[in-house]
Amino acid sequence: MMDRLPPLTALRAFEAAARHMSFARAADELNVTPAALSFQIKSLEEHFGAPLFRRLNRAVELTEAGKALAPGTTDAFQMLQAAWRAAGRTVDTGVLTVTAGPAFTAKWLAPRLFDFAQSHPEIELRFAASLRLMDFERDDIDIAIRFGFGGDDGPNLYSEKIVGEWLTPMMHPDLAARFPTPESLLNAPLLHQDDIAWLRPACDWTAWFRANGLELGEIHGARFSQADHAIDAAQAGAGVVLGRITLTDRALRDRRLVAPFQTAISTDAHFRVLCPKGSEEKPQFKAFLEWLRVETCKMRDHGQGRHMVRADDIGG
């Protein structure tokens, strides 16, 4: 008996129920009725010759046999899913799934989707906006764009820096007339972004004012957890944002924002593109990577004539 494996549908039902410790939630995940799931588990127990669950009043728990079986079935189905996705990546489906942070997706990728589609109608881009670190072996992702300091991404990944980050005050054109100098910004409504608070050295308003020989004093102004929300507020004239160039490129080109001051803070943090090693040579990957290189190079125009001050050169 033990040499003959039961049907995979029965094992799949058991794995989901053991993971959720609930027949109802497992049935919902597998899109079957609780009765159908219960039938599959019952058939598995008959095949095994002993109970795998104890049915309590309003709950279930694993028997000793169930506890022995559960970890292996979970690992096995994860391996099957990874193998299925790996096989899928060898087939050119014309679909490229890209994950990036919500702000970068909204402010940089999405506005350029039409341009990419015009140049590459044979490729369908799909975006997964998330800050969660994806696993290429587990998640249905082809390319990841991530912001940070980089580092060792491992021998199995292709990694390429695509654009560096720098920040400078940006505001609605009408607001710029009211605050024409760095000194005047000390009395301006300042917008703050929590999503870059982790950068070290700091790239915040205090640092920018110090780069101009000024002290901000008491920190004031509205605070946002996401950079794109702060940028939207600045475009509406609600205040001045210390804008990240990667997220404000289109707004600057369209004159929805202006960046009137010469001083900018540069940081070693940058955006890089990641994909499984070898994938970068596939036609649709190569097309997307080349498009990224061309589009990010256009952003260099914003830096011309600016005084770039490295964040780690600003005194505390």
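Just above, that's the structure.
Quick notes on the rules
Residues numbered from 1 in each chain as written. Predicted model: local features only at pLDDT ≥ 70, side-chain atom pairs only at ≥ 80, totals over all residues. Heavy atoms only, no water. Buried < 20%, exposed > 50% of the residue type's maximum accessible area, 1.4 Å probe, protein only. Helix = DSSP H or I, 4+ residues; strand = E, 2+ residues; numbered from the N terminus. Contact = heavy atoms within 4.5 Å. Salt bridge = Lys/Arg side-chain N within 4 Å of Asp/Glu carboxyl O. Core = buried A, V, L, I, M, F, W, Y, C linked by side-chain atoms within 4.5 Å.

1. Structural notes on helix H9 (residues 227-235)
Move 1: Extensive coverage of H9 is indicated by the burial of 7 of its 9 residues.
Move 2: Those residues of H9 that are buried lie in contact with helix H5 (102-109), strand S6 (157-170), strand S7 (190-193), strand S8 (223-224), strand S9 (240-244) and helix H10 (245-253).
Move 3: Looking at the residues trailing H9, positive phi occurs at Gly237, about 85°.

2. Looking at the pattern of salt bridges
Move 1: Taken as a whole and judged by the stated rule, the model has 23 salt bridges.
Move 2: Glu15 serves as the salt-bridge partner of Arg12, at 2.5 Å between the closest nitrogen and oxygen. One end of the pair, Arg12, and the other, Glu15, are both in helix H1 (residues 8-20), 3 residues apart, so they sit about a helical turn from each other.
Move 3: If you follow the salt bridges from partner to partner, you end up with Arg112, Asp249, Arg253, Glu295 and Lys298 in one network.

3. With respect to the nonpolar core
Move 1: Grouped together as the largest cluster of nonpolar side chains are 42 residues, with contacts concentrated most on Phe104, Leu109, Ile143, Ile145, Phe288 and Leu292.
Move 2: For this core, the elements supplying multiple residues, two or more each, are strand S3 (95-100), H5, strand S5 (143-148), S6, H9, H10, strand S10 (263-276) and helix H11 (283-297).
Move 3: In terms of residue count, H11 provides more of this core than any other element does, 6 residues in total.
Move 4: In contact with Ile145, other than residues within four places in its own chain, are Val98, Thr99, Ala100, Gly101, Phe104, Leu109, Ile162, Phe271, Arg272, Val273, Phe288 and Leu292.
Move 5: Grouped together as the second largest cluster of nonpolar side chains are 26 residues, Phe179, Ala188, Leu190 and Ile314 included.

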